[in-house]
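Each chain is listed here by its residues.
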Amino acid sequence: MNEFQDKVVLITGAGRGLGRAIVGAFAHQGAIIAANDLTPVNLDETVAGILDNGGRARDYVFDIAKKMPVQALIESVLDDWGRIDILINNAGVDPRGDLLDIDEWDWRRTIDVNLSGPFFTIQSVGRVMREQGGGCIVNLAAVAGRAHGWAQHGAFVA
């Protein structure tokens, strides 16, 4: 039996790129996918690909940058699947511009998604995992710098 068979995996930033690839890898191993993203169009395509291949998945359109939507996300996943075995914190944003030119909104959005989002999901899902007797949390983040001090796309397990 596969290690991930029937495990409920919540993946943030699942609508495209690395998140979509992670969704596919877990679905291929028989996991139940709880795919989160802010953009429903990308998420629809991601989930449809899993369902079309006989997998189990649902989309969850919530903004992880704020605590109340994160709590609603977690409750929705629990209502649908009854547990969360694995959390993959993948969602992230890059500011739209150079360090000296970005405005306060871009700065706050970057901090909210890249720092507050993982904190809120770790805290909320961690409590669920404590109650259910265990689980796994993986945080992905940008590595390698680019001009003006902003990170390029990449990932490492923290």
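Residues numbered from 1 in each chain as written. Predicted model: local features only at pLDDT ≥ 70, side-chain atom pairs only at ≥ 80, totals over all residues. Heavy atoms only, no water.

**Some words on the packing of helix α1 (residues 17-28) against helix α2 (residues 40-52)**
Each pair of packed helices gets described by two things: the angle between the helix axes and the distance between those axes. Where α1 meets α2, the closest approach of the two axes is 10 Å, and the angle between their N-to-C directions is 20°. With respect to α2, the element α1 is oriented roughly parallel. Seen along the crossing, α1 lies across α2 with a hand that is right-handed. Residues Arg20, Val23, Gly24 and Ala27 of α1 touch α2, and the partners they reach there are Asn42, Glu45, Thr46 and Ile50. Looking at the contact of α1 with α2 residue by residue, the class counts come to three nonpolar, three polar and two charged. (Axes fitted to C-alpha atoms, helices over the stretch in contact; angles between N-to-C directions. Helix = DSSP H or I, 4+ residues; strand = E, 2+ residues; numbered from the N terminus. Parallel < 35°, antiparallel > 145°, perpendicular 65-115°, else oblique. Left-handed = near helix turned anticlockwise from the far one by under 90°. Contact = heavy atoms within 4.5 Å. Nonpolar A, V, L, I, M, F, W, Y, C, P; charged D, E, K, R; others polar.)

**Description of the nonpolar core**
Val9, Ile11, Phe26, Ile33 and Ile88 are the most contacted members of the largest nonpolar core, which has 18 residues in total. The next biggest cluster of nonpolar side chains, apart from the first, holds 17 residues, and it includes Leu10, Ala34, Leu73 and Met129. (Core = buried A, V, L, I, M, F, W, Y, C linked by side-chain atoms within 4.5 Å. Buried < 20%, exposed > 50% of the residue type's maximum accessible area, 1.4 Å probe, protein only.)

**Some details on the packing of aromatic side chains**
As enumerated under the stated definition, the model contains two aromatic pairs in all. Seen in terms of ring centroids, Phe4 and Phe26 are 5.0 Å apart; in terms of plane orientation they differ by 80°. Their pairing is edge-to-face. With Phe4 in the segment before β1 (8-11) and Phe26 in helix α1, the pair connects residues that are 22 residues apart, well separated along the chain. You can call Phe4 partly exposed: its relative accessible area is 24%. Looking at Arg58, its charged tip hangs above the ring of Trp81, at a distance of 4.8 Å from the centre. (Phe/Tyr/Trp six-rings, centres within 6.5 Å; stacked < 30°, edge-to-face > 60°. Lys NZ or Arg CZ within 6 Å of the ring centre and 35° of its normal.)

**Considering the sheet that holds strand β3 (residues 56-61)**
The five strands are arranged β3-β2-β1-β4-β5 in an open sheet whose pairing can be described as parallel. The sheet terminates laterally at β3 and β5 (136-139), the two strands that pair on one side only. Mean inter-strand twist for the sheet, computed between neighbouring axes without regard to direction, equals 15°. Inspection of the sheet shows strand β2 (residues 32-37) paired to β3 by six bridges, in the parallel sense. By the bridge assignment, Ile33 is partnered in β3 with Ala57. Where α1 meets the sheet, it contacts β1, β2 and β4 (86-89), and its direction lies at approximately 175° from that of β1. Sheet strands in contact with α2 are β2 and β3, and its direction is about 170° off that of β3. (Pairing = 2+ DSSP bridges.)

**Brief notes about the pairing of β4**
Here β4 shows a buried face lined by Ile86 and Ile88 and a second buried face lined by Leu87 and Asn89. Bridge count for β4 against β5 is four bridges, and the pairing is parallel. Residue pairing across strands places Leu87 opposite Ile137, the latter belonging to β5. With helix α4 (residues 104-132) bridging β4 and the parallel β5, this β-α-β connection has right-handed handedness. (Right-handed = clockwise from strand over helix to strand, strands pointing away.)

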